[in-house]
Amino acid sequence: MELNERLHNADGQEKKWLPTKIFWRQLFISVGVWNMLFMAGLCMGTPTVLIPQLRREANSTDAVDDETASWLYSVFGACTLPWVVITLLFTQYFGRRWPIIIGVSTIFLVFLFMSLSSTAKQILVAEIMEGCFLSCCLTVCVIILSEYTIPKYRGIFLCFKSSSFFWGLWIANIIGTFFHWRNIPILGMIVCFYSLTAFFWPESPHWLASKGRFEECKASYRWLHGCDEETERDLATLVKRQTDYLKFRAEKQKSFYYSQYTSKEFYKPLFLIVLAVTQYHFSGKLVCSIYVLEITKKITNSESTAYLIMLILDGVTILGIFIGCLLSRILNRRTMYLSFSAIGVVFLFLTSLYLYLVKLSVVVENNIFSIVLLTCFSIAISCGPMIMTTSVYGEVIPLKHKTSMFLIAILLFETYNALLLKNAPKLFKNLGFHGTFLMYGIVTGICTYLLYLYLPETKDKTLEQIEQQFEEESRAPTPPVEETELFITKQSQ
(Lines give C-alpha, C1' and ligand atoms only; values in the text may rest on other atoms or scores of the structure.)
Protein backbone atom coordinates (compact mmCIF):
# COMPACT_ATOMS: atom_id res chain seq x y z
CA MET A 1 0.00 0.00 0.00
CA GLU A 2 2.83 2.41 0.77
CA LEU A 3 4.33 1.74 -2.66
CA ASN A 4 0.98 2.32 -4.35
CA GLU A 5 0.50 5.66 -2.54
CA ARG A 6 3.96 6.74 -3.59
CA LEU A 7 3.16 5.88 -7.19
CA HIS A 8 -0.17 7.71 -7.04
CA ASN A 9 1.45 10.85 -5.60
CA ALA A 10 4.59 10.69 -7.71
CA ASP A 11 5.72 13.82 -9.47
CA GLY A 12 6.24 14.08 -13.22
CA GLN A 13 9.89 13.10 -13.04
CA GLU A 14 9.13 9.81 -11.29
CA LYS A 15 6.27 9.01 -13.65
CA LYS A 16 8.70 9.39 -16.53
CA TRP A 17 10.58 6.34 -15.29
CA LEU A 18 7.46 4.33 -14.47
CA PRO A 19 7.40 2.25 -17.69
CA THR A 20 10.97 1.11 -16.96
CA LYS A 21 9.98 0.02 -13.47
CA ILE A 22 6.96 -1.81 -14.84
CA PHE A 23 9.12 -3.62 -17.39
CA TRP A 24 11.65 -4.78 -14.78
CA ARG A 25 8.93 -5.93 -12.39
CA GLN A 26 7.25 -7.97 -15.10
CA LEU A 27 10.60 -9.27 -16.34
CA PHE A 28 11.49 -10.36 -12.78
CA ILE A 29 8.36 -12.54 -12.73
CA SER A 30 8.63 -13.69 -16.35
CA VAL A 31 12.22 -14.91 -15.92
CA GLY A 32 11.00 -17.16 -13.11
CA VAL A 33 8.45 -18.64 -15.51
CA TRP A 34 10.97 -18.96 -18.36
CA ASN A 35 13.32 -20.72 -15.95
CA MET A 36 10.64 -23.35 -15.31
CA LEU A 37 10.24 -23.94 -19.04
CA PHE A 38 14.03 -24.24 -19.32
CA MET A 39 13.92 -27.00 -16.71
CA ALA A 40 11.06 -28.68 -18.58
CA GLY A 41 13.27 -28.67 -21.69
CA LEU A 42 16.08 -30.29 -19.70
CA CYS A 43 13.65 -33.01 -18.60
CA MET A 44 12.33 -33.76 -22.10
CA GLY A 45 15.75 -33.53 -23.74
CA THR A 46 17.42 -35.99 -21.37
CA PRO A 47 16.12 -39.27 -22.94
CA THR A 48 17.49 -38.30 -26.38
CA VAL A 49 21.10 -38.49 -25.13
CA LEU A 50 20.60 -40.72 -22.08
CA ILE A 51 19.45 -43.84 -23.97
CA PRO A 52 22.52 -44.07 -26.28
CA GLN A 53 24.83 -43.52 -23.30
CA LEU A 54 23.20 -46.28 -21.23
CA ARG A 55 23.49 -48.66 -24.19
CA ARG A 56 27.14 -47.77 -24.74
CA GLU A 57 28.00 -48.19 -21.05
CA ALA A 58 26.39 -51.65 -21.01
CA ASN A 59 27.78 -52.40 -24.50
CA SER A 60 24.34 -53.75 -25.37
CA THR A 61 21.03 -52.45 -26.69
CA ASP A 62 19.32 -54.72 -24.14
CA ALA A 63 20.22 -52.18 -21.43
CA VAL A 64 17.34 -50.11 -22.84
CA ASP A 65 15.05 -52.17 -25.06
CA ASP A 66 12.85 -50.50 -27.69
CA GLU A 67 9.69 -50.63 -25.55
CA THR A 68 11.40 -49.03 -22.55
CA ALA A 69 13.00 -46.43 -24.83
CA SER A 70 9.62 -45.45 -26.28
CA TRP A 71 8.28 -44.98 -22.73
CA LEU A 72 11.30 -42.89 -21.75
CA TYR A 73 10.57 -40.63 -24.73
CA SER A 74 6.82 -40.35 -24.16
CA VAL A 75 5.92 -40.96 -20.50
CA PHE A 76 5.79 -37.18 -19.87
CA GLY A 77 2.32 -36.89 -21.38
CA ALA A 78 0.77 -39.78 -19.46
CA CYS A 79 2.28 -38.82 -16.10
CA THR A 80 1.16 -35.19 -16.48
CA LEU A 81 -2.52 -35.88 -17.24
CA PRO A 82 -3.81 -36.51 -13.68
CA TRP A 83 -1.73 -33.63 -12.31
CA VAL A 84 -3.30 -31.17 -14.75
CA VAL A 85 -6.68 -31.54 -13.02
CA ILE A 86 -5.15 -31.18 -9.54
CA THR A 87 -3.01 -28.19 -10.55
CA LEU A 88 -5.84 -26.28 -12.20
CA LEU A 89 -8.21 -26.83 -9.26
CA PHE A 90 -5.45 -25.76 -6.88
CA THR A 91 -4.81 -22.68 -9.03
CA GLN A 92 -8.50 -21.84 -9.08
CA TYR A 93 -8.89 -21.91 -5.30
CA PHE A 94 -5.44 -20.92 -3.95
CA GLY A 95 -4.05 -18.55 -6.57
CA ARG A 96 -1.19 -18.59 -9.08
CA ARG A 97 1.92 -18.40 -6.88
CA TRP A 98 1.68 -21.50 -4.70
CA PRO A 99 1.48 -24.04 -7.56
CA ILE A 100 4.75 -22.58 -8.87
CA ILE A 101 6.45 -22.94 -5.47
CA ILE A 102 5.21 -26.51 -5.05
CA GLY A 103 6.15 -27.46 -8.62
CA VAL A 104 9.70 -26.12 -8.30
CA SER A 105 10.17 -27.91 -4.97
CA THR A 106 9.10 -31.24 -6.48
CA ILE A 107 11.33 -30.92 -9.55
CA PHE A 108 14.35 -30.30 -7.32
CA LEU A 109 13.69 -33.66 -5.63
CA VAL A 110 13.16 -35.30 -9.03
CA PHE A 111 16.50 -33.99 -10.35
CA LEU A 112 18.18 -35.25 -7.17
CA PHE A 113 16.61 -38.72 -7.61
CA MET A 114 17.56 -38.77 -11.30
CA SER A 115 21.19 -37.86 -10.58
CA LEU A 116 21.39 -40.88 -8.26
CA SER A 117 19.72 -43.28 -10.73
CA SER A 118 21.72 -45.82 -12.72
CA THR A 119 19.19 -47.94 -14.66
CA ALA A 120 16.55 -47.17 -17.27
CA LYS A 121 13.73 -48.21 -14.95
CA GLN A 122 14.91 -45.88 -12.18
CA ILE A 123 15.06 -43.01 -14.66
CA LEU A 124 11.58 -43.91 -15.89
CA VAL A 125 10.32 -43.60 -12.30
CA ALA A 126 11.99 -40.18 -12.06
CA GLU A 127 10.25 -39.08 -15.28
CA ILE A 128 6.88 -40.21 -13.90
CA MET A 129 7.55 -38.07 -10.83
CA GLU A 130 7.95 -35.02 -13.09
CA GLY A 131 4.18 -34.92 -13.73
CA CYS A 132 3.41 -32.29 -11.06
CA PHE A 133 6.08 -29.91 -12.31
CA LEU A 134 5.23 -30.33 -16.01
CA SER A 135 1.55 -29.69 -15.32
CA CYS A 136 2.55 -26.35 -13.75
CA CYS A 137 4.62 -25.47 -16.83
CA LEU A 138 1.68 -26.11 -19.13
CA THR A 139 -1.00 -24.38 -17.07
CA VAL A 140 0.09 -21.92 -14.39
CA CYS A 141 3.08 -20.57 -16.35
CA VAL A 142 0.88 -19.57 -19.29
CA ILE A 143 -1.74 -18.07 -16.96
CA ILE A 144 0.90 -16.02 -15.13
CA LEU A 145 2.45 -14.63 -18.31
CA SER A 146 -0.96 -13.69 -19.72
CA GLU A 147 -2.33 -12.18 -16.48
CA TYR A 148 0.74 -10.47 -15.02
CA THR A 149 2.04 -8.72 -18.15
CA ILE A 150 0.70 -5.71 -20.02
CA PRO A 151 -0.35 -6.05 -23.70
CA LYS A 152 2.83 -4.25 -24.81
CA TYR A 153 5.05 -7.02 -23.41
CA ARG A 154 2.66 -9.99 -23.22
CA GLY A 155 3.21 -11.28 -26.75
CA ILE A 156 7.00 -11.32 -26.66
CA PHE A 157 7.08 -12.70 -23.10
CA LEU A 158 4.83 -15.59 -24.17
CA CYS A 159 7.09 -16.18 -27.19
CA PHE A 160 10.21 -16.30 -25.00
CA LYS A 161 8.44 -18.96 -22.95
CA SER A 162 8.73 -21.36 -25.90
CA SER A 163 12.35 -20.40 -26.56
CA SER A 164 13.21 -21.24 -22.94
CA PHE A 165 11.85 -24.75 -23.39
CA PHE A 166 13.95 -25.36 -26.51
CA TRP A 167 16.99 -23.81 -24.84
CA GLY A 168 16.63 -26.46 -22.16
CA LEU A 169 16.26 -29.15 -24.82
CA TRP A 170 19.37 -27.91 -26.63
CA ILE A 171 21.49 -27.62 -23.47
CA ALA A 172 20.49 -31.17 -22.47
CA ASN A 173 21.58 -32.43 -25.89
CA ILE A 174 24.88 -30.51 -25.71
CA ILE A 175 25.65 -31.90 -22.24
CA GLY A 176 24.72 -35.43 -23.35
CA THR A 177 26.87 -35.14 -26.49
CA PHE A 178 30.10 -33.99 -24.81
CA PHE A 179 29.68 -35.01 -21.14
CA HIS A 180 27.95 -37.59 -18.97
CA TRP A 181 24.16 -37.31 -18.84
CA ARG A 182 24.18 -36.96 -15.01
CA ASN A 183 25.32 -33.37 -15.44
CA ILE A 184 21.84 -32.54 -16.78
CA PRO A 185 19.95 -33.08 -13.48
CA ILE A 186 22.82 -31.40 -11.59
CA LEU A 187 22.33 -28.28 -13.73
CA GLY A 188 18.58 -28.58 -13.14
CA MET A 189 19.04 -28.53 -9.36
CA ILE A 190 21.15 -25.36 -9.61
CA VAL A 191 18.74 -23.37 -11.79
CA CYS A 192 15.72 -24.41 -9.68
CA PHE A 193 16.43 -21.74 -7.10
CA TYR A 194 15.58 -18.69 -9.20
CA SER A 195 11.97 -19.79 -9.67
CA LEU A 196 11.56 -19.84 -5.89
CA THR A 197 11.43 -16.03 -6.18
CA ALA A 198 7.69 -16.76 -6.57
CA PHE A 199 7.61 -16.24 -2.78
CA PHE A 200 8.06 -12.53 -3.53
CA TRP A 201 5.61 -12.19 -6.42
CA PRO A 202 2.26 -10.43 -5.91
CA GLU A 203 -0.84 -12.53 -6.44
CA SER A 204 -2.51 -12.25 -9.84
CA PRO A 205 -4.90 -9.25 -9.89
CA HIS A 206 -7.23 -11.16 -12.22
CA TRP A 207 -7.48 -14.07 -9.77
CA LEU A 208 -8.06 -11.66 -6.87
CA ALA A 209 -10.81 -9.93 -8.85
CA SER A 210 -12.45 -13.27 -9.65
CA LYS A 211 -12.63 -13.93 -5.90
CA GLY A 212 -14.14 -10.51 -5.13
CA ARG A 213 -10.98 -9.31 -3.32
CA PHE A 214 -10.98 -5.99 -5.13
CA GLU A 215 -8.75 -3.92 -2.80
CA GLU A 216 -5.97 -6.52 -3.04
CA CYS A 217 -6.63 -6.69 -6.78
CA LYS A 218 -6.09 -2.93 -7.16
CA ALA A 219 -2.85 -2.99 -5.16
CA SER A 220 -1.45 -5.90 -7.20
CA TYR A 221 -2.60 -4.42 -10.52
CA ARG A 222 -0.98 -1.05 -9.81
CA TRP A 223 2.29 -2.68 -8.72
CA LEU A 224 2.42 -4.67 -11.96
CA HIS A 225 1.01 -2.09 -14.38
CA GLY A 226 1.59 1.33 -12.84
CA CYS A 227 -0.88 4.09 -12.06
CA ASP A 228 -1.29 6.13 -15.24
CA GLU A 229 -4.66 7.13 -16.66
CA GLU A 230 -4.92 4.23 -19.12
CA THR A 231 -3.98 1.69 -16.45
CA GLU A 232 -6.61 3.05 -14.06
CA ARG A 233 -9.19 2.81 -16.84
CA ASP A 234 -8.26 -0.82 -17.56
CA LEU A 235 -8.33 -1.60 -13.83
CA ALA A 236 -11.79 -0.05 -13.50
CA THR A 237 -12.95 -2.20 -16.43
CA LEU A 238 -11.57 -5.35 -14.79
CA VAL A 239 -13.23 -4.57 -11.45
CA LYS A 240 -16.57 -3.68 -13.05
CA ARG A 241 -16.67 -6.79 -15.25
CA GLN A 242 -15.89 -9.08 -12.34
CA THR A 243 -18.36 -7.28 -10.05
CA ASP A 244 -21.12 -7.71 -12.64
CA TYR A 245 -20.10 -11.33 -13.25
CA LEU A 246 -20.13 -12.26 -9.55
CA LYS A 247 -23.47 -10.52 -9.09
CA PHE A 248 -24.96 -12.29 -12.11
CA ARG A 249 -23.65 -15.66 -10.91
CA ALA A 250 -25.21 -15.11 -7.48
CA GLU A 251 -28.59 -14.14 -8.94
CA LYS A 252 -28.74 -16.91 -11.57
CA GLN A 253 -27.39 -19.82 -9.57
CA LYS A 254 -29.69 -22.44 -11.09
CA SER A 255 -29.33 -21.54 -14.76
CA PHE A 256 -25.87 -19.95 -14.57
CA TYR A 257 -23.67 -22.88 -15.52
CA TYR A 258 -26.03 -24.10 -18.24
CA SER A 259 -26.16 -20.68 -19.90
CA GLN A 260 -22.40 -20.13 -19.56
CA TYR A 261 -21.29 -23.47 -20.98
CA THR A 262 -23.74 -23.57 -23.89
CA SER A 263 -22.98 -20.13 -25.31
CA LYS A 264 -20.97 -19.22 -28.38
CA GLU A 265 -18.81 -17.14 -26.05
CA PHE A 266 -17.56 -20.40 -24.52
CA TYR A 267 -17.30 -22.59 -27.61
CA LYS A 268 -15.58 -20.24 -30.04
CA PRO A 269 -12.45 -19.74 -27.86
CA LEU A 270 -12.49 -23.47 -27.10
CA PHE A 271 -12.65 -24.27 -30.81
CA LEU A 272 -9.64 -22.01 -31.46
CA ILE A 273 -7.70 -23.63 -28.64
CA VAL A 274 -8.37 -27.15 -29.98
CA LEU A 275 -7.19 -26.06 -33.43
CA ALA A 276 -4.03 -24.43 -32.07
CA VAL A 277 -3.08 -27.41 -29.88
CA THR A 278 -3.77 -29.87 -32.71
CA GLN A 279 -1.67 -27.81 -35.09
CA TYR A 280 1.16 -27.55 -32.53
CA HIS A 281 1.54 -31.31 -32.21
CA PHE A 282 0.75 -32.35 -35.77
CA SER A 283 3.28 -29.89 -37.15
CA GLY A 284 5.70 -32.67 -36.17
CA LYS A 285 8.25 -30.30 -34.67
CA LEU A 286 8.11 -31.69 -31.15
CA VAL A 287 8.37 -35.28 -32.41
CA CYS A 288 11.33 -34.31 -34.61
CA SER A 289 13.02 -32.54 -31.67
CA ILE A 290 12.66 -35.55 -29.35
CA TYR A 291 13.52 -38.19 -31.98
CA VAL A 292 16.04 -36.00 -33.84
CA LEU A 293 18.92 -38.39 -33.15
CA GLU A 294 17.00 -41.41 -34.45
CA ILE A 295 15.88 -39.51 -37.58
CA THR A 296 19.30 -38.09 -38.44
CA LYS A 297 21.01 -41.46 -37.87
CA LYS A 298 18.78 -43.03 -40.51
CA ILE A 299 19.36 -40.16 -42.92
CA THR A 300 23.16 -39.95 -42.54
CA ASN A 301 24.06 -43.54 -41.50
CA SER A 302 26.68 -42.02 -39.19
CA GLU A 303 26.31 -41.63 -35.44
CA SER A 304 28.90 -38.83 -35.06
CA THR A 305 27.32 -36.87 -37.93
CA ALA A 306 23.87 -37.44 -36.43
CA TYR A 307 24.95 -35.86 -33.13
CA LEU A 308 26.37 -32.85 -34.97
CA ILE A 309 23.21 -32.39 -37.05
CA MET A 310 21.08 -32.77 -33.91
CA LEU A 311 22.88 -29.86 -32.24
CA ILE A 312 22.69 -27.75 -35.42
CA LEU A 313 18.93 -28.35 -35.78
CA ASP A 314 18.38 -27.54 -32.10
CA GLY A 315 20.31 -24.32 -32.58
CA VAL A 316 18.30 -23.51 -35.71
CA THR A 317 15.07 -24.06 -33.75
CA ILE A 318 16.15 -21.55 -31.10
CA LEU A 319 17.25 -19.12 -33.80
CA GLY A 320 13.83 -19.44 -35.44
CA ILE A 321 12.12 -18.81 -32.11
CA PHE A 322 14.18 -15.67 -31.48
CA ILE A 323 13.40 -14.42 -34.99
CA GLY A 324 9.75 -15.04 -34.22
CA CYS A 325 10.04 -13.16 -30.91
CA LEU A 326 11.51 -10.13 -32.70
CA LEU A 327 8.91 -10.26 -35.48
CA SER A 328 6.12 -10.44 -32.90
CA ARG A 329 7.03 -6.85 -31.94
CA ILE A 330 6.51 -5.74 -35.56
CA LEU A 331 3.86 -7.95 -37.13
CA ASN A 332 0.29 -8.54 -36.05
CA ARG A 333 -0.09 -11.72 -34.03
CA ARG A 334 -2.58 -13.29 -36.46
CA THR A 335 -0.58 -12.42 -39.58
CA MET A 336 2.64 -13.83 -38.20
CA TYR A 337 1.04 -17.01 -36.85
CA LEU A 338 -0.78 -17.92 -40.05
CA SER A 339 2.01 -16.91 -42.45
CA PHE A 340 4.69 -19.04 -40.84
CA SER A 341 2.24 -21.89 -40.33
CA ALA A 342 1.51 -21.88 -44.06
CA ILE A 343 5.24 -21.84 -44.88
CA GLY A 344 5.74 -24.76 -42.49
CA VAL A 345 2.99 -26.72 -44.27
CA VAL A 346 4.72 -26.12 -47.62
CA PHE A 347 8.01 -27.51 -46.29
CA LEU A 348 6.25 -30.52 -44.77
CA PHE A 349 4.84 -31.37 -48.20
CA LEU A 350 8.19 -30.71 -49.92
CA THR A 351 10.01 -32.96 -47.42
CA SER A 352 7.41 -35.69 -47.89
CA LEU A 353 7.66 -35.46 -51.69
CA TYR A 354 11.46 -35.51 -51.64
CA LEU A 355 11.63 -38.54 -49.32
CA TYR A 356 9.04 -40.35 -51.46
CA LEU A 357 11.04 -39.70 -54.65
CA VAL A 358 14.15 -41.00 -52.88
CA LYS A 359 12.26 -44.14 -51.92
CA LEU A 360 11.24 -44.65 -55.58
CA SER A 361 14.87 -44.03 -56.63
CA VAL A 362 13.69 -41.18 -58.86
CA VAL A 363 16.24 -38.86 -57.18
CA VAL A 364 19.46 -39.67 -55.39
CA GLU A 365 19.40 -39.05 -51.66
CA ASN A 366 21.44 -36.00 -50.66
CA ASN A 367 22.13 -35.53 -46.96
CA ILE A 368 22.75 -31.81 -47.30
CA PHE A 369 19.45 -31.25 -49.13
CA SER A 370 17.61 -33.29 -46.47
CA ILE A 371 19.11 -31.15 -43.72
CA VAL A 372 18.25 -27.94 -45.61
CA LEU A 373 14.61 -29.02 -45.84
CA LEU A 374 14.50 -29.90 -42.13
CA THR A 375 16.19 -26.58 -41.28
CA CYS A 376 13.69 -24.49 -43.27
CA PHE A 377 10.83 -26.49 -41.75
CA SER A 378 12.22 -25.94 -38.25
CA ILE A 379 12.57 -22.17 -38.70
CA ALA A 380 9.05 -21.77 -40.13
CA ILE A 381 7.34 -23.88 -37.45
CA SER A 382 9.42 -22.27 -34.70
CA CYS A 383 8.35 -18.77 -35.79
CA GLY A 384 4.71 -19.87 -36.00
CA PRO A 385 3.00 -22.66 -34.03
CA MET A 386 5.87 -23.28 -31.59
CA ILE A 387 5.74 -19.78 -30.10
CA MET A 388 2.21 -18.63 -30.94
CA THR A 389 0.11 -21.53 -29.64
CA THR A 390 0.57 -20.48 -26.01
CA SER A 391 -0.33 -16.92 -27.03
CA VAL A 392 -3.62 -18.22 -28.44
CA TYR A 393 -4.79 -20.12 -25.38
CA GLY A 394 -3.17 -17.64 -23.01
CA GLU A 395 -5.06 -14.70 -24.50
CA VAL A 396 -8.42 -15.95 -25.82
CA ILE A 397 -9.54 -17.87 -22.71
CA PRO A 398 -12.00 -15.71 -20.70
CA LEU A 399 -11.23 -15.28 -17.00
CA LYS A 400 -14.55 -16.86 -15.96
CA HIS A 401 -13.80 -20.02 -18.01
CA LYS A 402 -10.07 -20.19 -17.26
CA THR A 403 -10.12 -23.40 -15.21
CA SER A 404 -12.46 -25.40 -17.45
CA MET A 405 -10.88 -24.30 -20.74
CA PHE A 406 -7.32 -24.78 -19.55
CA LEU A 407 -8.32 -28.21 -18.30
CA ILE A 408 -9.63 -29.18 -21.74
CA ALA A 409 -6.70 -27.58 -23.55
CA ILE A 410 -3.97 -29.21 -21.45
CA LEU A 411 -5.67 -32.63 -21.32
CA LEU A 412 -5.80 -32.51 -25.11
CA PHE A 413 -2.22 -31.23 -25.24
CA GLU A 414 -0.87 -34.03 -23.10
CA THR A 415 -2.99 -36.69 -24.80
CA TYR A 416 -1.48 -35.68 -28.15
CA ASN A 417 1.93 -35.54 -26.52
CA ALA A 418 1.69 -39.06 -25.10
CA LEU A 419 0.14 -40.68 -28.20
CA LEU A 420 2.35 -39.05 -30.83
CA LEU A 421 5.64 -39.47 -28.98
CA LYS A 422 4.84 -43.06 -27.96
CA ASN A 423 3.73 -44.10 -31.45
CA ALA A 424 6.22 -42.07 -33.50
CA PRO A 425 8.54 -45.09 -34.08
CA LYS A 426 5.53 -47.11 -35.32
CA LEU A 427 4.52 -44.30 -37.68
CA PHE A 428 8.06 -44.05 -39.04
CA LYS A 429 8.08 -47.82 -39.58
CA ASN A 430 4.60 -48.28 -41.07
CA LEU A 431 4.13 -45.03 -43.01
CA GLY A 432 7.77 -44.28 -43.66
CA PHE A 433 9.23 -40.83 -43.10
CA HIS A 434 7.56 -39.57 -46.29
CA GLY A 435 4.12 -40.79 -45.19
CA THR A 436 4.53 -39.37 -41.68
CA PHE A 437 5.49 -35.94 -43.00
CA LEU A 438 2.57 -36.06 -45.46
CA MET A 439 0.14 -36.79 -42.61
CA TYR A 440 1.61 -33.93 -40.57
CA GLY A 441 1.28 -31.59 -43.56
CA ILE A 442 -2.38 -32.45 -44.20
CA VAL A 443 -3.50 -32.05 -40.58
CA THR A 444 -1.46 -28.85 -40.06
CA GLY A 445 -2.81 -27.42 -43.32
CA ILE A 446 -6.44 -28.02 -42.28
CA CYS A 447 -5.85 -26.42 -38.85
CA THR A 448 -4.10 -23.42 -40.44
CA TYR A 449 -7.01 -22.83 -42.83
CA LEU A 450 -9.60 -22.96 -40.03
CA LEU A 451 -7.51 -20.61 -37.88
CA TYR A 452 -7.36 -18.25 -40.86
CA LEU A 453 -11.17 -18.20 -40.92
CA TYR A 454 -11.84 -17.72 -37.20
CA LEU A 455 -8.76 -16.48 -35.29
CA PRO A 456 -9.08 -12.81 -34.20
CA GLU A 457 -6.22 -10.33 -33.79
CA THR A 458 -5.14 -9.97 -30.14
CA LYS A 459 -2.03 -7.80 -30.33
CA ASP A 460 -1.98 -4.77 -27.99
CA LYS A 461 -5.37 -5.69 -26.49
CA THR A 462 -6.02 -6.29 -22.82
CA LEU A 463 -7.49 -9.61 -21.74
CA GLU A 464 -10.72 -7.78 -20.91
CA GLN A 465 -10.92 -6.31 -24.44
CA ILE A 466 -10.40 -9.74 -26.02
CA GLU A 467 -13.03 -11.29 -23.74
CA GLN A 468 -15.46 -8.47 -24.54
CA GLN A 469 -14.90 -9.04 -28.27
CA PHE A 470 -16.04 -12.66 -27.96
CA GLU A 471 -19.04 -11.61 -25.88
CA GLU A 472 -20.10 -9.07 -28.52
CA GLU A 473 -19.72 -11.65 -31.29
CA SER A 474 -21.81 -14.17 -29.36
CA ARG A 475 -24.58 -11.60 -28.83
CA ALA A 476 -24.51 -10.24 -32.38
CA PRO A 477 -27.73 -11.34 -34.14
CA THR A 478 -27.48 -12.97 -37.53
CA PRO A 479 -29.45 -10.89 -40.09
CA PRO A 480 -32.36 -12.64 -41.81
CA VAL A 481 -31.75 -13.91 -45.34
CA GLU A 482 -34.28 -11.44 -46.83
CA GLU A 483 -32.54 -8.44 -45.23
CA THR A 484 -29.12 -9.64 -46.37
CA GLU A 485 -30.29 -10.10 -49.96
CA LEU A 486 -31.98 -6.66 -49.92
CA PHE A 487 -28.76 -5.03 -48.66
CA ILE A 488 -26.68 -6.73 -51.38
CA THR A 489 -29.18 -5.62 -54.05
CA LYS A 490 -29.00 -1.98 -52.90
CA GLN A 491 -25.24 -2.08 -52.84
CA SER A 492 -25.07 -3.45 -56.39
CA GLN A 493 -27.44 -0.73 -57.60
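Cut-offs applied
Residues numbered from 1 in each chain as written. Predicted model: local features only at pLDDT ≥ 70, side-chain atom pairs only at ≥ 80, totals over all residues. Heavy atoms only, no water. Helix = DSSP H or I, 4+ residues; strand = E, 2+ residues; numbered from the N terminus. Buried < 20%, exposed > 50% of the residue type's maximum accessible area, 1.4 Å probe, protein only. Contact = heavy atoms within 4.5 Å. Areas by Shrake-Rupley, 256 points an atom, 1.4 Å probe, with all protein chains shown as cover. Core = buried A, V, L, I, M, F, W, Y, C linked by side-chain atoms within 4.5 Å. Patch = residues over 30% accessible without salt bridge, like charges linked within 9 Å, V, L, I, M, F, W, Y side chains within 5 Å. Salt bridge = Lys/Arg side-chain N within 4 Å of Asp/Glu carboxyl O. Polar contact = N/O pair within 3.5 Å; in protein donor to acceptor, adjacent residues only side chain to side chain. Expected span 1.5 Å × (residues − 1). Axes fitted to C-alpha atoms, helices over the stretch in contact; angles between N-to-C directions. Parallel < 35°, antiparallel > 145°, perpendicular 65-115°, else oblique. Left-handed = near helix turned anticlockwise from the far one by under 90°. Nonpolar A, V, L, I, M, F, W, Y, C, P; charged D, E, K, R; others polar. Phe/Tyr/Trp six-rings, centres within 6.5 Å; stacked < 30°, edge-to-face > 60°. Disulfide = S-S within 2.5 Å.

The next subject is the overall build of the protein chain. Tallying secondary structure elements over the protein chain gives 25 helices and 0 strands in all. For the protein chain, buried positions account for 57% of its 493 residues. If you take every contact in the protein chain between residues at least 6 apart in sequence, the share linking residues at least 24 apart comes to 83%. Total accessible area computed for the protein chain in this model is approximately 21,600 Å², and 65% of it derives from carbon and sulfur atoms.

So, about the environment of Ile-174. Residue placement: Ile-174 occurs in helix H9 (residues 151-178). Note on Ile-174: relative accessible area 26%, which makes it partly exposed. When the C-alpha positions of Ile-174 and Met-310 are compared, they lie 9.3 Å apart, and in sequence the two are 136 residues distant.

Glancing now at the nonpolar core. Within the largest apolar cluster, 131 residues are counted, with the highest numbers of intra-cluster contacts made by Met-36, Ile-100 and Tyr-291. Ranked by residues supplied to this core, first place goes to helix H3 (residues 18-58) with 17 residues. Discounting residues that sit within four places of it in the chain, Ile-100 has contacts with Met-36, Val-140, Cys-141, Ile-144, Ser-195, Ala-198 and Trp-201.

What follows covers a nonpolar patch on the surface. Together, Phe-271, Tyr-449, Tyr-452, Leu-453 and Tyr-454 make up a nonpolar patch on the protein surface, roughly 530 Å² of accessible area in all. Looking at the nonpolar patch, the element that brings in the most residues is helix H23 (residues 432-454), giving 4 residues. When you line up the elements, Phe-271 lands in helix H15 (residues 264-282). Taking the relative accessible area as the measure of exposure, Phe-271 reaches 36% and is therefore partly exposed.

Next up on the list: the side chain of Ser-115. Along the chain, the position of Ser-115 falls in helix H5 (residues 97-115). The exposure class assigned to Ser-115 is buried, which follows from its relative accessible area of 14%. Within polar-contact distance, the side chain of Ser-115 engages the backbone oxygen of Leu-112 at 2.7 Å. When near neighbours in sequence (up to four residues on either side) are disregarded, Ser-115 contacts Arg-182, Pro-185 and Met-189.

Its 19 residues give H5 an end-to-end C-alpha distance of 28 Å, which sits within 8% of 27 Å, the value for a rise of 1.5 Å per residue. Within the sequence span of H5, burial applies to Arg-97, Pro-99, Ile-100, Ile-101, Gly-103, Val-104, Ile-107, Val-110, Phe-111, Met-114 and Ser-115.

Next up on the list: the packing of H5 against helix H10 (residues 183-195). As a packed pair, H5 and H10 sit with axes 8 Å apart at the nearest point and diverge in direction by 165°. Classified by the angle their axes make, H5 and H10 are roughly antiparallel. Seen along the crossing, H5 lies across H10 with a hand that is left-handed. Every residue of H10 that contacts H5 at Ile-100, Val-104, Ile-107, Phe-108, Phe-111, Leu-112, Met-114 and Ser-115 is listed here: Pro-185, Gly-188, Met-189, Cys-192, Phe-193 and Ser-195. For the contact of H5 with H10, the per-class residue count stands at 11 nonpolar, 3 polar and no charged.

For the rest of this paragraph, the subject is the pattern of salt bridges. Two side chains carrying opposite charge are able to pair once their charged atoms lie near each other. For the structure on display, the rule yields 4 salt bridges. A salt bridge links Glu-232 to Arg-222; the nearest nitrogen and oxygen atoms lie 3.0 Å apart. In this pair, Glu-232 is assigned in helix H13 (residues 229-251) and Arg-222 in helix H12 (residues 214-225), connecting sequence segments 10 residues apart. The class for Glu-232 is partly exposed, based on a relative accessible area of 21%. Owing to a relative accessible area of 17%, Arg-222 belongs among the buried residues under this scheme.

Okay, the packing of H9 against H10 next. For the pair H9 and H10, the least separation of the axes is 9 Å and the interaxial angle reads 140°. With respect to H10, the axis of H9 lies oblique. Along its contact with H9, which presents Ile-171, Ala-172 and Ile-175, the element H10 presents Asn-183, Ile-184 and Leu-187.

Moving on to helix H7 (residues 131-138). Of all 8 residues in H7, 8 are buried; the element is thus mostly enclosed. Among all positions of H7, only Gly-131, Cys-132, Phe-133, Leu-134, Ser-135, Cys-136, Cys-137 and Leu-138 are buried.

Here we come to the packing of aromatic side chains. Evaluated as defined, the whole model comprises 13 aromatic pairs. Taken together, a centroid distance of 4.7 Å and an interplanar angle of 35° make the contact between Phe-90 and Phe-94 tilted. Of this pair, Phe-90 and Phe-94 both sit in helix H4 (residues 66-94), 4 residues apart, roughly one helical turn. Look at Phe-90 and you get partly exposed, because its relative accessible area is 28%. According to the relative accessible area criterion, Phe-94 is partly exposed, its value standing at 49%. Ring centres of Phe-437 and Tyr-440 lie 6.5 Å apart, and the angle between their planes is 85°; on these two criteria the pair is classed as edge-to-face. With a gap of 3 residues between them, Phe-437 and Tyr-440 both fall in helix H23, about one helical turn apart. Both residues of the pair, Phe-437 and Tyr-440, belong to the buried class.

It is worth spelling out the state of the cysteines at this point. Enumeration according to the criterion identifies 0 disulfides in this entry. Not engaged in a disulfide, the cysteine Cys-43 finds its nearest cysteine sulfur in Cys-137; these two sulfurs lie 7.9 Å apart.

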